[in-house]
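Here's the letter readout for the chains.
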Amino acid sequence: MFEAKPQNPALAAALIFAATAFIAGTTLLAKALGTGALGPALPAFQVSHGRFLFAFIAIGGAVAVMRPRLARPHWRLHLGRTTFGWGGVTLMFAAVAHIPMADATAIAFLNPVFAMVLAIPLLGERVGPWRWGAAVVALLGAMILLRPTPGSFQPAALLALAAAAVMGMELIFIKKLSGRERPIQILLVNNAMGLVIATAAVWPVWQSPLPAQWAALAGIGGLMACAQACFVNGMARADASFVAPFSYATLIFAALYDMAVFGVIPDAISLGGAAIILTGALILAWREGRAVRR
């Protein structure tokens, strides 16, 4: 399932599209758990713990069945990637408990912008005017979604902004890991280490979940494992510059799920801010694609 695959752009697009639906599903379940829709509200630390616990069970089961050849992991890079990944997921789950899913998801799409900025000192990359322009456009959209006026400012949106920054740092470690290890090994180590970190963090705030909450936590982990599998397989079947735009469908699914389950309809500010962020992100993806082809 994780071996090198022949190029198939249509299948790659379908797999990435499916991954976005699964990712938005995890956000929906996290919101249900964080808002008390399924019982007493669970803290974001506990929701992210469930995400890593059940994702590790799913991926560990796949590894046990497939028995892939594993190499010695680069522990330092894995620790950095997993620590920032856990932090970003936890902040995102905290954000969606207080603001519309579409807003939180759109702000989270700033992570490539933060990764671009961080890559200058950490990876020695050079950033041209087009990429800086794309970053400015995306950040402008984020400022709109923050609603920076006394009457409409959303403090919880800062959690989503922090999540984007932390996940941008995660992307730096993902770039460093790229090509060093097989995708299945990266997923296994990431979820195993994430489970250890999440378990240590959740201990002081642990609450006994109700049966419905256990089911939702299992759903988050299972959906995330499916999303990761689809994403890895999709990336293996087409160029990253081709599949990247399809990942933004997460925003569409997030808005649809939020509307269907919680009755949250995006307003003009949400739609406008999201459109501006996506414009900047797409420009950045286009320039990244051109740079890779060169």
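Please read all numbers here as calculations on a predicted model, not as lab measurements.

**Q** Can you help me understand the confidence of the model for the protein in this one?
**A** A low pLDDT means the predicted coordinates there should not be read in detail. On average, residues of the protein score 88 in pLDDT, and 93% of them are at 70 or above. The least confident element of the protein is helix 10 (residues 240–243), whose mean pLDDT is 68; the most confident is helix 3 (residues 75–96), at 96.

**Q** Just checking my understanding: could you explain the side chain of Gln 228 for this structure?
**A** Along the chain, the position of Gln 228 falls in helix 9 (residues 211–236). Note on Gln 228: relative accessible area 12%, which makes it buried. Among the polar contacts listed, one links the side chain of Gln 228 to the side chain of Asn 191, at a separation of 3.5 Å. Look past the residues within four positions of Gln 228 in its chain and what remains in contact with it is Arg 51, Ile 59, Leu 187, Asn 190 and Asn 191.

**Q** Teacher, can you tell me more about the packing of helix 4 (residues 101–108) against helix 11 (residues 249–262) here?
**A** A pair of packed helices can be characterised by two numbers: the angle between their axes and the separation between those axes. Packing of helix 4 against helix 11 brings their axes to within 8 Å, and their N-to-C directions diverge by 165°. In terms of their interaxial angle, helix 4 and helix 11 are classed as roughly antiparallel. Where helix 4 crosses over helix 11, the two elements pack in a sense that is right-handed. Contacts between helix 4 and helix 11 pair Met 101, Ala 102, Thr 105 and Ala 106 from the former with Thr 250, Leu 251, Ala 254, Ala 255, Tyr 257 and Asp 258 from the latter. Residues that form the contact of helix 4 with helix 11 fall into these classes: seven nonpolar, two polar and one charged.

**Q** Got a minute to help me understand the packing of aromatic side chains in this structure?
**A** Aromatic rings in a pair are described by how distant their centres are and how their planes are angled relative to each other. Counted under the stated rule, the structure contains seven aromatic pairs. Here Phe 45 and Trp 86 contribute two aromatic rings whose centre-to-centre distance is 6.0 Å and whose plane-to-plane angle is 15°, an arrangement assigned as stacked. Taken together, the positions of Phe 45 in helix 2 (residues 44–66) and Trp 86 in helix 3 put the pair 41 residues apart, joining distant regions of the chain. A relative accessible area of 34% means that Phe 45 is categorised as partly exposed. Relative to Tyr 257, the ring of Phe 253 has its centre 6.0 Å away and its plane inclined at 40°; by these criteria the two rings are tilted. With Phe 253 and Tyr 257 both in helix 11 and four residues apart, this pair spans about one turn of that helix. An aromatic cluster of at least three residues, connected via ring pairs, comprises Phe 17, Phe 253 and Tyr 257. Above the face of the Phe 262 ring, Lys 31 is positioned so that its terminal group lies 4.8 Å from the ring centre. Directly above the aromatic system of Phe 173 lies the positively charged group of Lys 176, at a separation of 6.0 Å from the ring centroid.

Criteria and cut-off values
Residues numbered from 1 in each chain as written. Predicted model: local features only at pLDDT ≥ 70, side-chain atom pairs only at ≥ 80, totals over all residues. Heavy atoms only, no water. pLDDT = per-residue confidence, 0-100. Helix = DSSP H or I, 4+ residues; strand = E, 2+ residues; numbered from the N terminus. Buried < 20%, exposed > 50% of the residue type's maximum accessible area, 1.4 Å probe, protein only. Polar contact = N/O pair within 3.5 Å; in protein donor to acceptor, adjacent residues only side chain to side chain. Contact = heavy atoms within 4.5 Å. Axes fitted to C-alpha atoms, helices over the stretch in contact; angles between N-to-C directions. Parallel < 35°, antiparallel > 145°, perpendicular 65-115°, else oblique. Left-handed = near helix turned anticlockwise from the far one by under 90°. Nonpolar A, V, L, I, M, F, W, Y, C, P; charged D, E, K, R; others polar. Phe/Tyr/Trp six-rings, centres within 6.5 Å; stacked < 30°, edge-to-face > 60°. Lys NZ or Arg CZ within 6 Å of the ring centre and 35° of its normal.

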